[in-house]
Amino acid sequence: CKGPGGCRSGRKDMALRCAAWLAAGRQQPRCPRLPPPAREGTVRRSSAAKASAVKITEKASREKILTLESMNPQVKAVEYAVRGPIVLKAGEIEKELRKGIKKPFTEVIKANIGDAHAMGQRPITFLRQVVALCTYPNLLDSPSFPEDAKNRARRILQGCGGNSLGSYSASQGINCIREDVASYIERRDGGVPADPDNIYLTTGASDGIATILKILVSGGGKSRTGVMIPIPQYPLYSAAISELDAIQVNYYLDEENCWALNVNELRRSLNEAKAYCNPKVLCIINPGNPTGQVQSRKCIEDVIHFAWEEKLFLLADEVYQDNVYSEGCQFHSFKKILYEMGPEYYNNVELASFHSTSKGYMGECGYRGGYMEVINLHPEIKGQLVKLLSVRLCPPVSGQAAMDIVVNPPIPGEESYSQFIKEKESVLNNLAKKAKLTEDMFNKVPGIHCNPLQGAMYAFPRIFIPSKAIEEAKAHKMAPDMFYCMKLLEETGICVVPGSGFGQREGSYHFRMTILPPVEKLKILLEKVKDFHIKFLEKYA
C-alpha cells in the first residue's frame, strides 16, 4: 500500500482508513486489491503511510482552546467553600474506606452542608403525597391518598400545560402557585397585601438571588456596582459577585453581641466603599447563615431606614424563616416591617425577599423549589427581569409543586392536618433541642466559644488556634482554620467548613457545622470534636 497519495486500491476512503489505523499502531484493514495478508504478527508500513500517521498524531495533540489562561477569569475567581477542598478530601477518604483502607474512624460525617434528608431527616408525608400525585396522576384514583392531597394535586395539574408536570411553565412560574405564595405571605405578615405579579418562582432561593444581582450590576471603574454583604456570609453571595465582576463590600456582624447587625457598621462600610465603587445593594440574611442569629424588629427597622436614606436596593434572604429556636426570638419579615413603617418607606424602598423548599422543616433540597417577591420595581425593569428569566425557560415544575405545598399546607379541619402538624413540630422541636445541645457542649470545651444558636441550622463556633499551629498552616500554604478542619477530617472523619470560607475578622478563626445529624450521632460528633480540639491544643501548645 502506498498510503493516501497512491493507494493501490484506487479508493481514497480505504487509504484514509489505513493511515488512521497505522497511526494508532493497529493492523491495517483488508485492502480489496492487495494480496493475502502477511503472517500473524507482521505489519507492513510504507514510508508514505508512516508520514501520514505522524501528521495525524500531530493534529491529535494540538493545544486546547479552553485552558486556565483562556477561560473566563470571573468564573476562575469564584469560590464556594461549602463544597470546596475539604469536601473533595472527604470524598477521597470515603473511597479509601470503601476499599478497606484502615482509618481511625469507620465513616465520614458530612456536617458541612444543610442537606436535611441526607442527614436522616424524614420527608413531610403530605408534601411527598402531592408531588407523587402530580408526577403520576393515575394515583388520583387510589384510595391510599387523602382527598386534600388530591385536591391540591388537581389544582396544580390544571395550571400545567396538558395537565402534566412534564410541560414547561410560564417563566415566572405556574400562576396558581404564585397566587398561593401571595396568600401565604399575606397570612404570614398579618394581612400585608401581596400581589402574585410580584412573585417569581425560582430554582431554589439561590437562583433568585443570582438573577436579581445580575440585573443590578452595572458600571465600570469607580461607578461599578458595590454589593454590601454580611461577614460572615453564605458563600453564594461572594461567588455571584465574583462571577458578575461586581465589587464585594463587607460589613461585619458583631460576634460579641450574638452576631447582631449594627447600623453604625453599615455606615462605616458604605462610606469607605464609596471611594472605589458605587454601593447600591444591601444583602441581609435573616435568620443568619452561618451565624444563626435572628434579627430583632428594631434592627430590621434600622436597616430599612438606612437603605431608604442611602438609596440602597434591599435583598432579604429569609430561607430559614421557620427555623427560630431561642425564647424571646421571633422571625419578622422585611416586607412586613417595611409596610408597618408607613407609605414613605413602603412605596419607595426596593426590596427582593427569598424563600425556599430546601430549609425550614421541609429540607427538600433536591427539588430546587423557591420563590422571590420583588416590590417597588420600576415597571420597565420588571419587563427586563421577566425577559432574563425567560432565557432559562422556567424553574423545575416539580420544584414549583413542592413550593406550593410549603405555602399551602393542610389547614385545621382537613384530613391530613393532624399528621402534617405532628411531623412539622417534630422536626422543628428536634432542631431546637440540637441547637441547645450544640451550644452547651461547645462552650464546655476549652478554646471554643459558641454564641447561642437562635435560628437556622448551623453552629459557627470561634476556635482558638495556637501560634505554632498557625505557623505550620502557613508552611502548608493553608489558612489556619482550613488546616484545623483538615486535621479534624483526617483524624475523626468529621467534615466541617473553615470560617475563612465565609469571612471573619482578621485574627479570628471559626468553622461552620450543621446541627442536622440525629441527636445520638450529633452527640458522638460533638464528643469527637471536643477530644480532637483538646489534643490539638496540647500538640501545638
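Everything in this summary refers to the structure shown in the same document. (Residues numbered from 1 in each chain as written. Predicted model: local features only at pLDDT ≥ 70, side-chain atom pairs only at ≥ 80, totals over all residues. Heavy atoms only, no water.)

On to the overall build of the chain, then. Counting its secondary structure elements, the chain contains 19 helices and 14 strands. Of the contacts made within the chain by residues no fewer than 6 positions apart, 70% connect residues no fewer than 24 positions apart. (Helix = DSSP H or I, 4+ residues; strand = E, 2+ residues; numbered from the N terminus. Contact = heavy atoms within 4.5 Å.)

Strand pairing in a sheet is mediated by backbone hydrogen bonds. Such pairs are either parallel or antiparallel. The seven strands are arranged β2-β8-β7-β6-β5-β3-β4 in an open sheet whose pairing can be described as mixed. Whereas interior strands pair on both sides, the edge strands pair on one side only; in this sheet they are β2 (199-203) and β4 (247-252). This sheet shows a mean twist of 25° between the axes of neighbouring strands, independent of strand direction. Bridge count for strand β3 (residues 225-231) against strand β5 (residues 278-285) is four bridges, and the pairing is parallel. Bridge pairing links Thr225 to Asn278 in β5. (Pairing = 2+ DSSP bridges. Axes fitted to C-alpha atoms, helices over the stretch in contact; angles between N-to-C directions.)

What follows deals with the side chain of Asp189. Along the polypeptide, Asp189 turns up in the loop between α7 (175-188) and β2. Polar side-chain contacts of Asp189 include one of 2.9 Å to the side chain of Ser333. Apart from the residues lying within four places of it in its own chain, the contact partners of Asp189 are Ser333, Lys335 and Lys336. (Polar contact = N/O pair within 3.5 Å; in protein donor to acceptor, adjacent residues only side chain to side chain.)

All right, on to the nonpolar core then. Within the largest apolar cluster, 123 residues are counted, with the highest numbers of intra-cluster contacts made by Ile156, Ile212, Leu315, Tyr371, Phe442, Phe511 and Met513. Both of domain 1 (74-120 + 419-540) and domain 2 (125-407) provide at least three residues apiece to this core. Setting aside chain neighbours within four positions, we find Met513 in contact with Ala111, Thr438, Phe442, Met457, Tyr458, Ala459, Val496, Leu522, Leu525 and Leu526. One finds Ile300, Ala307, Leu314 and Tyr345 within the second-largest nonpolar core, a separate group that totals 34 residues. (Core = buried A, V, L, I, M, F, W, Y, C linked by side-chain atoms within 4.5 Å. Buried < 20%, exposed > 50% of the residue type's maximum accessible area, 1.4 Å probe, protein only. Domains from an automatic or database assignment.)

Attention now goes to empty space enclosed by the protein. The gaps left among the atoms become clear once a water-sized probe is rolled over them. Scanning all chains against the criterion turns up three cavities of 30 Å³ or more. Taken as a whole, the largest cavity holds about 50 Å³ of empty space. Around the largest cavity sit Pro230, Pro232, Tyr251, Leu253, Leu261, Ile284, Ile285, Gly288, Asn289, Thr291, Gln293 and Gln295, which together line it. In the lining of the largest cavity, the residues fall into seven nonpolar, five polar and no charged. (1 Å grid on protein atoms, 1.4 Å probe; cavity = no way out; pocket = protein on both sides within 12 Å on 5 of 7 lines; lining within 4 Å. Points joined across faces, edges and corners; volume = space filled by probe spheres on them. Nonpolar A, V, L, I, M, F, W, Y, C, P; charged D, E, K, R; others polar.)

Position of Phe502 among the secondary structure elements: in the loop between β13 (497-498) and β14 (511-514). What makes Phe502 buried here is its relative accessible area of 0%. Considered as a pair, Phe502 and Leu236 are 266 residues apart in the sequence and their alpha carbons are 9.6 Å apart.

For the structure on display, the rule yields 25 salt bridges. Between Arg152 and Glu414 there is a salt bridge whose closest N-O contact spans 2.9 Å. One end of the pair, Arg152, is in helix α6 (residues 147-158); the other, Glu414, is in the loop between α15 (397-407) and α16 (417-442), with 262 residues separating them in the sequence. The exposure class of Glu414 is partly exposed, given its relative accessible area of 26%. The partner of Lys298 in a salt bridge is Asp302, and the shortest N-O contact between them spans 2.9 Å. (Salt bridge = Lys/Arg side-chain N within 4 Å of Asp/Glu carboxyl O.)

Within strand β6 (residues 313-317), five of the five residues are buried, which leaves the element mostly enclosed by the surrounding structure. Both faces of β6 are covered, namely the face carrying Phe313, Leu315 and Asp317 and the face carrying Leu314 and Ala316. Looking at chain direction, β5 and β6 are connected through five bridges and run parallel. Within β6, the position partnered with Val281 by the bridge is Phe313.

Attention now goes to the state of the cysteines. As used in these notes, a disulfide is a covalent bond between sulfur atoms, one from each of two cysteines. Evaluated as defined, the whole model comprises zero disulfides. Lacking any disulfide linkage, Cys176 is separated from the closest cysteine sulfur, that of Cys160, by 7.3 Å. Using a relative accessible area of 11% as the deciding quantity, one classes Cys176 as buried. (Disulfide = S-S within 2.5 Å.)

Turning next to α15. For an α-helix the count is 3.6 residues per turn, leaving residues at separations of three or four pointing the same way. Most of α15 sits out of view: 10 of its 11 residues are buried. Of all the residues in α15, the buried ones are Val397, Gly399, Gln400, Ala401, Ala402, Met403, Asp404, Ile405, Val406 and Val407.

With that settled, consider the packing of aromatic side chains. On inspection of all chains with the given rule, the structure shows 14 aromatic pairs. Ring geometry for Trp308 versus Tyr345: centroids 5.1 Å apart, planes at 50°, classification tilted. Remark: Tyr345 occurs in helix α13 (residues 343-346) and Trp308 occurs in helix α11 (residues 297-310); sequence separation between them is 37 residues. The exposure class of Tyr345 is buried, given its relative accessible area of 14%. Between Tyr361 and Phe420, the ring centres sit 5.9 Å apart and the planes meet at 80°, which makes this aromatic pair edge-to-face. Of the two residues, Tyr361 sits in the loop between β7 (351-356) and β8 (369-375) while Phe420 sits in helix α16, which places them 59 residues apart along the sequence. Judged by relative accessible area, Tyr361 falls into the buried class, the value being 3%. Residue placement shows Arg512 over the ring face of Tyr458; its charged tip is 3.9 Å from the ring centre. (Phe/Tyr/Trp six-rings, centres within 6.5 Å; stacked < 30°, edge-to-face > 60°. Lys NZ or Arg CZ within 6 Å of the ring centre and 35° of its normal.)

Glancing now at helix α8 (residues 204-216). Between its terminal C-alpha atoms α8 stretches 19 Å, which fits the 18 Å expected from 13 residues at 1.5 Å a residue. When we look at burial in α8, the residues that qualify are Gly204, Ala205, Asp207, Gly208, Ile209, Thr211, Ile212, Leu213 and Leu216. (Expected span 1.5 Å × (residues − 1).)

So, on to the side chain of Arg152. Taking relative accessible area as the criterion, Arg152 reaches 9% and is therefore assigned buried. If sequence neighbours within four positions are ignored, Arg152 has contacts with Phe126, Val130, Ile405, Asn408, Pro409, Pro410, Ile411 and Glu414.

We now examine the sheet that holds strand β10 (residues 458-459). Spatially, β10-β14-β13 is the arrangement adopted by the three strands of the open sheet, whose pairing is antiparallel. In this open sheet, the two strands that pair with only one neighbour each are β10 and β13. Pairing analysis gives two bridges linking β13 to β14, with the strands arranged antiparallel. Bridge pairing links Val497 to Arg512 in β14.

Turning our attention to the pairing of β14. Side chains Phe511 and Met513 of β14 all project onto a buried face; the interleaved residues Arg512 and Thr514 project onto the opposite face, where all are buried too. Across two bridges, the pairing between β10 and β14 is antiparallel. Bridge assignment links Tyr458 to a residue of β14, and that residue is Thr514.

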